[in-house]
Amino acid sequence: MNASSRQAPPPLHRPALARILVLAPLLGLLLAGCSLLPKSAPVDLYQLPSALPQLAPSARRTAPRPESLRVTRPTAGTLLAGQRIIVLPEGDRVSYYKGAQWSEPAPLLLRNRLLDALRHDGRLATLSSDDRMLQADFELDGELRAFQSVYRDGKPQVLLQLDLRLVQPATQRIVASRRFEQRQPAADSALPAVVSAFGQASDRLALQVVDWSVEQIAQTPRTDDRPATATAVEQK
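Computed from a predicted structure; not experimentally measured.

Examining helix 4 (residues 106-121)
An α-helical turn contains 3.6 residues, so any two residues separated by three or four positions project in the same direction. Along its 16 residues, helix 4 runs 23 Å from first to last C-alpha, staying within 8% of the 22 Å computed at 1.5 Å per residue. Counted residue by residue, helix 4 has 12 buried out of 16 residues, so it is predominantly covered. Buried residues of helix 4: Ala-106, Pro-107, Leu-108, Leu-109, Leu-110, Arg-111, Arg-113, Leu-114, Leu-115, Ala-117, Leu-118 and Asp-121, and no others.

See the structure below:
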């Protein structure tokens, strides 16, 4: 069979040709889709600064206590559970610092700050966290109620509130409970100054928690059925 005898392909009908002409640009857009998607804005990550080595004496001369303590991550509502740096610029209106986040969720930052303060203090040498649920004589359990910047008279200040319970895990008995609160004015309204204020307030709160925890553990016999200590509130 020679070339002249081969059957030519049927011509495209007008509707099919129209569909091809319409789809061709769309296909090109799909292939270039990555370049058309909006780029996410860069985010600055902030660690929670600390000056604990300068604030608290370490290597206490007295021998550490024999009791073990587990520090758990405090629970938190949706607003406080994430990494956004929260600010209340006026009244009860909630906002966030744009383009900035904490390096870890706020409850985890505060739990780690408590552990750092306890380790630096040295009076309780046997410490653990809820990352590994090891056996412990006592447990610090609580709820994060505030971890934010608020404006007072047009100036920012950091507000921290932490409700804590000291529990004996073996019996699930609450030995003592207390609310800890700290406020720290920021040097100015710029975010680095606000972050610095968060660090100062967290350090002071952690030192309060250490002293309270050691005192309560020292006053609690290993086998004791007395009623739990009444809740106390301290604000500084």
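What about the pattern of salt bridges?
Taken as a whole, this structure holds 14 salt bridges when the rule is applied. Ionic pairing is found between Asp-131 and Arg-111, a salt bridge with its closest N-O pair at 3.2 Å. Of this pair, Asp-131 sits in the loop between strand 5 (124-129) and strand 6 (138-152) while Arg-111 sits in helix 4, and the two are 20 residues apart along the sequence. In this structure Asp-131 comes out as exposed when scored by relative accessible area, which is 56%.

A few points about the pairing of strand 6
Most of strand 6 is tucked away, with 11 of its 15 residues classed as buried. Both strand 2 (residues 65-71) and strand 6 contribute to a ladder of 3 bridges, which runs parallel. Pairing of Arg-70 across the sheet is with Glu-139, part of strand 6. The sheet contact formed by strand 3 (residues 84-90) and strand 6 spans 2 bridges and is parallel. Its bridge partner being in strand 6, Val-87 is matched across the sheet by Ser-149. Bridge count for strand 6 against strand 7 (residues 155-168) is 13 bridges, and the pairing is antiparallel. Bridged to Ala-146 within strand 7 is Gln-161. Counting the residues that bridge the hairpin from strand 6 to strand 7 gives 2 residues, and of these Asp-153 lies at a positive phi of roughly 55°.

Here's the deal with the nonpolar core
One finds Leu-69, Trp-102, Leu-140, Phe-147, Leu-166, Phe-198 and Leu-205 to be the most contacted residues of the largest nonpolar core, which totals 49 residues. Mapped by element, the contributors of at least two residues to this core are strand 2, strand 3, strand 4 (93-102), helix 4, strand 6, strand 7, strand 8 (173-185) and helix 5 (191-219). Among the elements that take part in this core, helix 5 stands out by supplying 13 residues, more than any other. Not counting the four nearest positions on each side in its chain, Phe-198 is found in contact with Leu-48, Ile-85, Trp-102, Phe-147, Gln-148, Ser-149, Val-158 and Leu-160.

Brief notes about the packing of aromatic side chains
Applying the stated criterion across every chain yields a total of 4 aromatic pairs. Consider the rings of Trp-102 and Phe-198, whose centres lie 5.0 Å apart with planes at 80°: the pair is edge-to-face. You can see Trp-102 sitting in strand 4 and its partner Phe-198 sitting in helix 5, a full 96 residues away along the chain. Classification of Phe-198 as buried rests on a relative accessible area of 0%. Ring plane angle 75° and centroid distance 5.5 Å describe the contact between Phe-180 and Trp-212, whose orientation is recorded as edge-to-face.

What to know about the packing of helix 4 against helix 5
Here helix 4 crosses helix 5 at 55°, and the two axes come no closer than 9 Å. On the basis of their axis angle, the class for helix 4 and helix 5 is oblique. Once helix 4 is placed against helix 5, the crossing between them reads as right-handed. Contacts from Leu-110, Arg-113, Leu-114, Ala-117, Leu-118 and Asp-121 of helix 4 reach helix 5 at Gly-199, Ser-202, Asp-203, Leu-205, Ala-206, Val-209, Val-210 and Val-214. Looking at side-chain class alone, the contact of helix 4 with helix 5 contains 9 nonpolar, 2 polar and 3 charged residues.

About the cut-offs
- Numbering of residues starts from 1 in every chain and runs along the sequence as written.
- Confidence filtering applies because this is a predicted model: local features only for residues at pLDDT of at least 70, side-chain atom pairs given and counted only at 80 or more, and all residues used for totals across whole chains, interfaces and linings.
- The side-chain quantities take in all heavy atoms of the structure and omit both hydrogens and water.
- Runs of H or I in DSSP of at least four residues are treated as helices and runs of E of at least two as strands, each being numbered from the N terminus.
- Expected helix span is taken as 1.5 Å per residue step, with the number of steps being one fewer than the number of residues.
- The classification of residues rests on relative accessible area computed with a 1.4 Å probe and restricted to protein chains. Under 20% of the type maximum is buried, over 50% is exposed, and intermediate values are partly exposed.
- Any carboxyl oxygen of Asp or Glu that lies within 4 Å of a side-chain nitrogen of Lys or Arg is treated as forming a salt bridge with it.
- A pair of strands is considered paired only if DSSP assigns at least 2 bridges between the two.
- Residue types Ala, Val, Leu, Ile, Met, Phe, Trp, Tyr and Cys, when buried and joined through side-chain atoms within 4.5 Å, form a set referred to as a nonpolar core.
- We call two residues in contact when some of their heavy atoms are within 4.5 Å.
- In this scheme Phe, Tyr and Trp rings, the latter by its six-membered ring, pair at centre separations within 6.5 Å, and the angle between planes marks the pair as stacked below 30 degrees, edge-to-face above 60, and tilted otherwise.
- In this description, a line fitted to the C-alpha atoms serves as the axis of each element, helices being fitted only across the stretch in contact, and the angle between N-to-C directions of two axes falls anywhere from 0 to 180 degrees.
- Convention used here: angles under 35 degrees read as roughly parallel, angles over 145 as roughly antiparallel, angles from 65 to 115 as roughly perpendicular, and any remaining angle as oblique.
- Each helix crossing is assigned a hand: it is left-handed if the near helix lies turned anticlockwise from the far helix by less than a right angle, otherwise right-handed if that turn is clockwise.
- Here the term charged refers only to Asp, Glu, Lys and Arg, the term nonpolar to Ala, Val, Leu, Ile, Met, Phe, Trp, Tyr, Cys and Pro, and the term polar to all other amino acids, Gly among them.

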